Amino acid sequence: MRGDTGAIVGVCISHERASVDQLETAAADSERHAVESLLANPEVEEAIALQTCNRTEGYVVVSDHEDGLDALELFTRAVPDDVVVEMGHEESLRHLLRVAAGLESIVLGEDQILGQLRTAYETARGVGGIGPMLEDGVTKAIHVGERARTETKINEGVVSIASAAVRLLKQESSLADGTALVVGAGEMGQLAAEALSEEVDRLLVANRTVPHAEHIAESVDIDASALALDGIEAAVSEASAVISATGSGDQVFDIGTFSDSGDVSIVDIAQPRDVPAGADRLPSVTVYDLDALESVTAETRNKRQRAAEAVERIVDQEFDRLLTQYKRKRADRVISTMYESAEQVKAAEINSALSAADFDDEQAEVVEAMADAIVSQILAAPTKSLRDAAEEDDWSTIHTALQLFDPDFGGPDQATPPEFTQGMSVDDIPDGMRDEIPNAMLDRLSDD
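- With an unreviewed UniProt entry as reference, the protein chain is termed Glutamyl-tRNA reductase, source organism Haloarcula sebkhae.
- UniProt lists a comment for the protein chain under the heading Pathway (unreviewed entry), and it reads "Porphyrin-containing compound metabolism; protoporphyrin-IX biosynthesis; 5-aminolevulinate from L-glutamyl-tRNA(Glu): step 1/2."
- Quoted straight from UniProt, the Function (unreviewed entry) entry for the protein chain says "Catalyzes the NADPH-dependent reduction of glutamyl-tRNA(Glu) to glutamate 1-semialdehyde (GSA)."

Listed below in structure tokens is the structure:
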């Protein structure tokens, strides 16, 4: 089963360490392309990528940690080492939970990251990147994100990068009685339009697909118009404030776009950026990027700090539950193997008994029922012992059980889980399990 013996390895390049340019360099063409590229590596069992305007992250399930880091060079090879955070299995899981809860965002507790993680999950699942390990980890992270926002006040106040962008524009220039332009009709563009509609008299919405822009223009309560991207030069000449948030791989603006503009302030929250680097050298143009939003969000972060402490407790609680869930699944693998082995012995003994005596159908059913009851009673104690062992990280007991009940365990065609130690014999079987194991099975281990 995929993910049965591997562990998660992750890398994160985020706003905390990386510049906007470095974030742009680290990102793959798309989350889908990133996952497909990671899965092309034969060492990678599962993969997911999360790319937003302020973070690029990749996670893989592999049997060897270094193989995971090698695969994740897809994101890290072109950026300095000091902006990359490398994470092992438990670090990756805890980080995912914190990301979904909004604890790692520029705007503490912002809601958009939860939807972005859901989209990344669906994208990875659509190309075969989600197996049992990431399924449990990512769905748990989404659950944590939902709990954080329903059980605490982590998302009160400024709740998105888009609303922070509007606050920044309001602080730096006068929006009242003016015209604003939103470029992009995705979720961030919708949020920017909603926030701007409370500050300006007129709104222009530009998008490659005009009907999407029309939908946003119709959703706000002020005078609003939609236009295609080829009309943004004229729109910029009318607007005093611009928020650009497209998902385009190409820059939407060029220097010439601003040649006839008046004084205009632009917040570029697209990734990659929509505004060329030289635009802010024009005397009439002021450009703000993600780095500039840090000062705007500091006040909100302070107000939400108490809620963040409650969210941290939720993360700790759910993280412990997730680790227990993984451990139980590892134990269940051994338990399943144990029952399959016992069923084989039971079937062989029943066949021998039925062939040695002339039982009628009713008597045969009684014999089979008795054999089922014996197997269930014999395996009840080892089953509990194995589940307890898994929760206590007692992998030597798990390993012994695998050797006992699975003759192929550790062979050339079967990977050995990294937690298990090697070289155990029948003498290593815990006393509490040895008394419950049929002699025929003990003999098989002794013969090895």
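## Some words on the packing of helix α6 (residues 112-126) against helix α7 (residues 132-151)
- Put simply, α6 and α7 touch, their axes get as near as 10 Å, and they point 160° apart. On the basis of the axis angle, α6 is roughly antiparallel to α7. Handedness of the crossing formed by α6 with α7: left-handed. Where α6 abuts α7, its residues I113, L114, L117, R118 and Y121 lie against E135, V138, T139, A141, I142, G145, E146 and R149.
- Here the residues of the contact of α6 with α7 sort into seven nonpolar, two polar and four charged.

## A few points about the pattern of salt bridges
- Here the structure, examined in full by the defined rule, presents 21 salt bridges.
- The salt bridge partner of E151 is R147, with a shortest N-O separation of 2.8 Å. One end of the pair, E151, and the other, R147, are both in helix α7, four residues apart, so they sit about a helical turn from each other.
- Classification of E151 as partly exposed rests on a relative accessible area of 48%.
- Here E318 and R147 are joined by a salt bridge, their closest N and O atoms 2.9 Å apart. In this pair, E318 sits in helix α13 (residues 305-356) while R147 sits in helix α7, placing the two residues 171 residues apart along the sequence.
- With relative accessibility at 1%, the residue E318 sits in the buried group.
- Residues participating in the shared-partner salt-bridge network are K140, R147, E151, E318 and R321.

## Let's talk about the UniProt feature "site: Important for activity" (unreviewed entry) in the protein chain
- Within this structure's numbering, the places UniProt gives as "site: Important for activity" (unreviewed entry) are H95.
- Position of H95 among the secondary structure elements: in helix α5 (residues 89-101).
- Here H95 falls in the buried class, since its relative accessible area comes to 11%.
- With residues near it in sequence (within four places) discarded, H95 still touches C12, R55, E57, Y59, M87 and E104.

## Some details on the packing of aromatic side chains
- Evaluated as defined, the whole model comprises one aromatic pair.
- Here the guanidinium or amino end of R94 rests over the ring plane of F319, the centre of that ring lying 4.2 Å away.

So, how was this worked out
Residues numbered from 1 in each chain as written. Predicted model: local features only at pLDDT ≥ 70, side-chain atom pairs only at ≥ 80, totals over all residues. Heavy atoms only, no water. UniProt positions renumbered as here; feature names shortened; annotations may be inferred. Axes fitted to C-alpha atoms, helices over the stretch in contact; angles between N-to-C directions. Helix = DSSP H or I, 4+ residues; strand = E, 2+ residues; numbered from the N terminus. Parallel < 35°, antiparallel > 145°, perpendicular 65-115°, else oblique. Left-handed = near helix turned anticlockwise from the far one by under 90°. Contact = heavy atoms within 4.5 Å. Nonpolar A, V, L, I, M, F, W, Y, C, P; charged D, E, K, R; others polar. Salt bridge = Lys/Arg side-chain N within 4 Å of Asp/Glu carboxyl O. Buried < 20%, exposed > 50% of the residue type's maximum accessible area, 1.4 Å probe, protein only. Phe/Tyr/Trp six-rings, centres within 6.5 Å; stacked < 30°, edge-to-face > 60°. Lys NZ or Arg CZ within 6 Å of the ring centre and 35° of its normal.

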